[in-house]
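Chains, contacts and geometry: an overview
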Amino acid sequence: MKITGTHINYYFHCKRHLWFFAHHILMEHTSELVAIGKFISESTYERKQHELHFVEEDFEFVLDFFDKNTNTIHEIKKTNKMEELHIWQLKFYIYRLKELGFHNVKGIIDYPKLKRLIKVELTEKDEEKLNEVIKEIHLLVNQKKPPKVIRKSYCRKCSYFELCYV
Amino acid sequence: MKKNFYIFTNGILKRKDNTICFEPFINQETQKPSKLLEQTDLTNIPEEEFLIDNDEIEDEKENQNAKTRKFIPVESIDSIYCFGEHRFNTKFLNFLSQSQIPLHIFNYYGFYTGTFYPRETQVSGKLLIAQVQHFLDEEKRLTIAKEFIRGSLFNMIKNLQYYNNRQKDLSYFIDYLTNALKKVDEVKSVEELMGIEGSARKNYYESWHLIINQPIDFQKREKQPPSNPVNALISFGNSLLYTTVLGEIYRNQLNPTISYLHTPGERRFSLSLDIAEVFKPLIVDRIIFALLNKNIIKQDDFEFHLNSCLLNENGRKIFVKEYDEKLSTTIKHRKLNRSISYQTLIRYECYKLIKHLLDAEEYQSFKIWW
């Protein structure tokens, strides 16, 4: 299994979500919120070249766009409700680029709808954490059963809500 | 909320720009949509004409058809049902596939012919393996099959109770079905289960002459071909329900050919037969009671042949209208605290099955809770 930015995002979001996603039980296509998010990501910063793919042996990731002048990765998100997940996703990208030999890369999360942005940098501690997270993701996905429902208030907005709670 | 489109008028279905449009056939003289399909004998056309780029000819026709053309916004389509005679090309089918819209086709007599099932976009190897494992393991297969039957019987009893509370004495039938429901627990094989289901259903159908206010000649279920109006209604209703269930299965990762109650892969997508079993009493049977008891459908909506009875076009239209309304009826879901349609109930049945197969939660079939 190749770990993607989405895996990292879901790891911090909900382990059950991650398990389903990793086994291709996908529900994202049923959600209007996801569709809106995708649309925002595709229809903003149109002058930039979107979607840069990187494929490695164990990883695969897509950058929303990259600014050569400032050496910055940009990630476009709809709202900052789940800011922590976005930060970790971006840290993962910076970490992977560093491993591939791109040094001093910075990250920015853009919230075009909120007209806000957040700067992200990778520390040594973060790298350790990410290494751990990647190991845990592999363990988690290899579990036979999906993890239990987490019962959080944000479940209601998740595209997996119906699958988990029905 | 996406809708189902049922097309009875003969005509051309095509992709126009980035959406779908329908052009009824025009009778040149009367300028009205003609009922008959203009027949062209393809064998007599010289080969060169086959090779001509059709676009030019189409452009000419375009202006004529523009008046009667109807656009069907592609984003609003759940699935398309063809009851008339329609023409379409690969460009149209490619577009359907790309937009993930299944197309169900019924023949001249209203029998289900088949489905254009777009390329699967929702595939999970893990789930497929789990589906097969649950089929191969006798005990696991029986667990799921039993739950389908429990749902089916329970919902049949609910229907009977409804009429029992309305001055119709159905207590004999209710007792019989309740008894059958109890027997399900002790069943040891799928064949035995089918036996119980068969006799329970026979009994259930016998009660219909009490439920239905019209004098009907309905003794037993007969298909291939249906022999009287009630049988015709059941056959048509069930085939509609199969396609609806199939459409829902298509939208998630379940494989429609691996089933537990019915033997897999015989002619049809048999998992849709399994799941439909649970919903027949709620959807099809209730439509039939309503149509007959409210005199919405009448004797002349049927066609009688030597050994069969079928709905005619008008009858089918009436049924389809009721059917579509039934599917979009909403109820409040207790667990989710959301208003959902009957069609969504079918989707949830798929979700529950997925969870059962992946060992997340035991499958509890849908049982009418109101």
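Right above here is the structure, for reference.
Sequence order sets the numbering: in each chain, residues are counted from 1 along the sequence as written. Chain letters start at A and ligand numbers start at 1, both assigned in the order the entries are written. Side-chain atom pairs in this predicted model are given and counted only at pLDDT of 80 or more, local residue features only at pLDDT of at least 70, and totals for whole chains, interfaces and linings cover all residues. For the side-chain quantities, the full set of heavy atoms in the structure was used; hydrogens and water were omitted.

A word on the overall build of chain B
Inclusion rule: Put simply, DSSP marks the helices as runs of H or I at least four residues long and the strands as runs of E at least two long, and each gets a number from the N terminus on. Accessible area is worked out with a 1.4 Å probe on protein chains only. A residue is then buried under 20% of its type maximum, exposed over 50%, and partly exposed in between. Every residue pair with non-hydrogen atoms within 4.5 Å of one another is taken to be in contact. Note that accessible areas follow from Shrake-Rupley with a 1.4 Å probe, and for residues the cover is restricted to the protein chains shown.
On a plain count of helices and strands, chain B comes out with 13 helices and twelve strands. By the burial criterion, 51% of the 370 residues in chain B qualify as buried. Taking the intrachain contacts of chain B between residues at least 6 apart in sequence as the baseline, contacts between residues at least 24 apart amount to 67%. Of the roughly 18,800 Å² of accessible surface on chain B, a fraction of 50% belongs to carbon and sulfur atoms.

Comments concerning the environment of Glu 361 of chain B
Stated formally: Throughout this description, a polar contact denotes any pair of N or O atoms lying within 3.5 Å of each other; where both atoms belong to protein, one of them has to be capable of donating a hydrogen while the other can accept it, and for residues adjacent in sequence the pair is counted only when both atoms sit in side chains.
Structurally, the position occupied by Glu 361 of chain B is in the segment after helix H13 (342-357). On the basis of relative accessibility, which here comes to 34%, the residue Glu 361 of chain B falls in the partly exposed class. Taking the C-alpha atoms as reference, Glu 361 of chain B lies 46 Å from Thr 9 of chain B; in sequence the two are 352 residues apart. Leaving out residues up to four positions away in the same chain, Glu 361 of chain B has contacts with Cys 164 and Val 166 of chain A together with Lys 335, Lys 355 and His 356 of chain B. Engagement of the side chain of Glu 361 of chain B in a polar contact is seen with the side chain of Lys 355 of chain B, the distance being 3.1 Å.

Points about the pattern of salt bridges
Threshold: Definition used for salt bridges: Asp or Glu carboxyl oxygen within 4 Å of a side-chain nitrogen of Lys or Arg.
Inspection of every chain in the model, using the stated rule, returns 18 salt bridges over all chains. A salt bridge links Arg 96 of chain A to Glu 56 of chain A; its shortest N-O distance comes to 2.7 Å. Taken as a pair, Arg 96 of chain A in helix H4 (residues 83-99) and Glu 56 of chain A in the loop between strand S1 (52-55) and strand S2 (60-63) lie far apart in primary sequence, 40 residues in all. Summarising the burial analysis for this pair, Arg 96 of chain A and Glu 56 of chain A share the class buried. The salt bridge involving Lys 317 of chain B is made with Glu 313 of chain B; its shortest N-O contact spans 3.4 Å. Remark: Glu 313 of chain B and Lys 317 of chain B occur in helix H12 (residues 313-328); sequence separation between them is four residues, near one turn of the helix. Residue class for Glu 313 of chain B comes out partly exposed when judged on its relative accessible area of 33%. The network of salt bridges with shared partners includes Glu 147, Arg 150, Asp 185 and Lys 367 of chain B.

A look at a nonpolar patch on the surface
All names here are of chain B. Spelled out, the test is: Patches in this entry comprise residues that are over 30% relatively accessible and not in a salt bridge; like charges within 9 Å are linked, as are nonpolar side chains (Val, Leu, Ile, Met, Phe, Trp, Tyr) within 5 Å.
On the surface, a cluster of nonpolar side chains totalling about 350 Å² of accessible area is made up of Tyr 108, Tyr 109 and Phe 111. Note that Tyr 109 resides in the loop between strand S7 (103-106) and strand S8 (112-116). Of the residues examined, Tyr 109 reaches a relative accessible area of 41% and is grouped as partly exposed.

A few points about the pairing of strand S2 (residues 11-16) of chain B
Residue and element names in this part refer to chain B. Filter applied, for reference: Two strands are counted as paired when DSSP detects at least two bridges linking them.
Of the strand pairs in this sheet, S2 and strand S3 (residues 19-24) are connected by six bridges, and their pairing is antiparallel. Note that in S3 the partner of Arg 15 across the bridge is Ile 20. In this structure, the hairpin formed by S2 and S3 is closed by a connection of two residues, where Asp 17 is found at a positive phi of approximately 50°. Where S2 meets strand S6 (residues 86-87), two bridges bridge the pair, whose relative direction is parallel. Of the residues in S6, the one forming a bridge with Ile 12 is Arg 87.

That is the geometry; function is a separate question.
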